[in-house]
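# Remarks on the overall topology
Below, each chain spelled out in residue letters.
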Amino acid sequence: MADPNPLLSDFQSSESKLPPPRSLDETIEQCIGNFGWAQFLQAALVSLAWVFDAQQTFITVFTDSQPTWHCTESERVDSVCNTSSSNLCTLPNQTWSWDFNPHVSIISEWGLQCAGSFLKGLPASSFFLGCLIGGLVLSTLADSSLGRKNMLLLSCLVMSLSSMLTAFSTSIWVYAFLRFLNGCGRATIGTCALVLSTELVGKKWRGKVGAMGFFCFTLGFLSLPMLGYINNGNSWRYLYVWTSIPTLIYCCLVWIFVRESPRWLIVKGRKEEAVSILQSIASNAITMSFTNLCFDVQEDQSKSNPDVYNALKILVRKSWSFRRLLAAMVVGFGIGMVYYGMPLALTNLNFNLYLGVVFNALSEFPAFLITFFFIDKINRRDALIGFTALSGISSALIAVLGQQLGSLQIVLELVSFFSACTAFNMTLIYTIEMFPTCVRNSAIAMVRQALVFGGVFSPVMVAAGRENQFWSYGLFGLVIALCGLFVFGLPETRGSVLCDTMDEEEYKTLAKRQFIG
């Protein structure tokens, strides 16, 4: 009877002839260090999840906006109504009318134009609250039981179905609840996509593959003003339908074509599956060599692999990992406040909303290009400190100088948002490099939670900033600049080897300190 898995047999027969590797990173480098089409297609397909992530994150900029209105002809003659100076809520209903059908926005459809800021911002707040709770509940499942692929599939499916149901909302309360569910599903998409795509390649291509996700997020962001312009004058519900159907199709593609992370499978002790995946993305000769090398490492690592929620306990138990996680989360909080707040605050500037969103989306492209082409050449710490400082200064200038800037306001806004985008991208890649495989997904999920947590405060600050820009742009600049200083407490990771266990990472850190000392 033929051996069903000759690779494992070769491993057993030649075990004594080959020295064990120091880490899975080194053996994966031997196997798939040369970036081929198989790895590219896998990474590109996984990174597409960011497109739908971006759409659901910023879709309320258009669905929840207050439409333009005009005075009725008779009232315009009597000078009772003036669109530039009149308060809509103080005018009789017969003196004004919406420019488009009331169904273009939830504000006009449900008569929320005079509602309080809390009720108007409830859907956006519910979405970010869902992101927080969903991230806390689901973040460790990708490290423990479900794995990277299944967690990505589940998240996209929940986000897609909840988005479709949102189109049938009957009230602001139902709408806010469905936005909450949407946020729960969306919470782990970026985390799983980033970790899965980077774990499929070697160290040389890790930063560039991670940047592919940021590029896809930019495409998703940029698609929103295009969809909003096409849908101009039509019901806001169509936007949710148009963004949910492609996500459902993507879920089918993930189920059929995307492979699980070989790193995660090996750490979990699932040798045969890891070998099968490595055979599909690398040449047979190299895969054979990798198989012979990697499983000595796995035997020790599977014992230390955490169960559900144990990953977070491990992160807190070790003082060095807790300090890293805390500092990275503080930095993420400041960056997230500016990143999610700037597009919402465009309504506070005297500038076209559609063009403002387009320019904000386009500003993510240079942020992506910097991350893609220079991630292997620049120090993480220096870059993060520089970009957070630049974002803070630009945002603060908008608040200090105000209307004196004129059209320069949008220029400073774009500089601040671009800097926050670049810092956002680099923070996620930085986090990947600071934590070992057994807790990496959980660590980056917590940092993403901090980014989202910063976004929770943004709508409130934007609403307050309509009267005084210090409470929006001023606080944006102050918070991101101060939080950026916590980068000084993090180690430099450029060019470092990815570790797989906490002990391995701790040993690497101690060795580096002794070398420097």
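Above: the structure in question.
Residues numbered from 1 in each chain as written. Predicted model: local features only at pLDDT ≥ 70, side-chain atom pairs only at ≥ 80, totals over all residues. Heavy atoms only, no water.

## Things to note about the overall build of the protein chain
- A count of helical and extended segments in the protein chain gives 25 helices and 2 strands.
- Taken across its 517 residues, the protein chain has 57% of its residues classed as buried.
- In the protein chain, of all internal contacts separated by at least 6 residues, the share reaching a separation of at least 24 is 83%.
- With the model as given, the accessible surface of the protein chain reaches about 21100 Å², and the carbon-plus-sulfur share is 65%. (Helix = DSSP H or I, 4+ residues; strand = E, 2+ residues; numbered from the N terminus. Buried < 20%, exposed > 50% of the residue type's maximum accessible area, 1.4 Å probe, protein only. Contact = heavy atoms within 4.5 Å. Areas by Shrake-Rupley, 256 points an atom, 1.4 Å probe, with all protein chains shown as cover.)

## Quick look at the packing of aromatic side chains
- Going through the model one piece at a time under the given rule, you end up with 31 aromatic pairs.
- When the centroid spacing of 5.0 Å and the interplanar angle of 85° are considered together, the rings of W96 and W98 count as edge-to-face.
- W98 gets classed as buried once you look at its relative accessible area, which sits at 12%.
- On the numbers, 5.5 Å between centres and 75° between planes, the contact of F127 with F128 is edge-to-face. No difference in accessibility class separates F127 from F128, as the two residues are buried.
- Here the basic side chain of K149 rests over the ring of W255, its NZ or CZ set 5.9 Å away from the ring centre. (Phe/Tyr/Trp six-rings, centres within 6.5 Å; stacked < 30°, edge-to-face > 60°. Lys NZ or Arg CZ within 6 Å of the ring centre and 35° of its normal.)

## Quick word on helix α15 (residues 271-281)
- Within the span of α15, buried status applies to A274, V275, I277, L278 and I281. All buried residues of α15 lie within an arc of 165° about the axis, which places them on one face of the element. (Arc of directions from axis to C-beta.)

## Here's the deal with the side chain of S223
- By the element assignment, S223 lies in helix α12 (residues 203-230).
- Within the local environment of S223, its side chain forms a polar contact with the side chain of Q55, the two groups lying 3.0 Å apart. (Polar contact = N/O pair within 3.5 Å; in protein donor to acceptor, adjacent residues only side chain to side chain.)

## Considerations on the nonpolar core
- If you look at the biggest cluster of nonpolar residues, it comprises 113 residues, and the most contacted ones within it are L152 and F476.
- Broken down by element, the residue count for this core peaks at 14 residues, all from helix α22 (residues 408-434).
- Contacts of F476, omitting those with residues within four sequence positions, involve M337, V338, G341, M342, A345, S395, S458, M461 and V462. (Core = buried A, V, L, I, M, F, W, Y, C linked by side-chain atoms within 4.5 Å.)

## Let's talk about the packing of helix α4 (residues 49-58) against helix α13 (residues 237-257)
- Contact geometry of α4 with α13 gives a least axis separation of 10 Å together with a crossing angle of 155°. As judged from the angle between their axes, α4 and α13 are roughly antiparallel. For the crossing formed where α4 meets α13, the hand is left-handed. In this structure, α4 contributes A49, F52, Q55 and Q56 to the contact, and α13 contributes Y240, T243, P246, T247 and Y250.
- Of the residues in the contact of α4 with α13, the class split is 5 nonpolar, 4 polar and no charged. (Axes fitted to C-alpha atoms, helices over the stretch in contact; angles between N-to-C directions. Parallel < 35°, antiparallel > 145°, perpendicular 65-115°, else oblique. Left-handed = near helix turned anticlockwise from the far one by under 90°. Nonpolar A, V, L, I, M, F, W, Y, C, P; charged D, E, K, R; others polar.)

## Points about helix α23 (residues 437-464)
- Helix length check: α23 (28 residues) gives 42 Å between terminal C-alpha atoms against 40 Å at 1.5 Å per residue, within 8%.
- Maximum bend of α23: about 30°, positioned at S458, with proline P459 one to four residues after it.
- When you tally the buried positions in α23, you get 22 out of 28 residues, the bulk of the element. (Expected span 1.5 Å × (residues − 1). Bend = angle between axes of the 7 residues up to and from the residue.)

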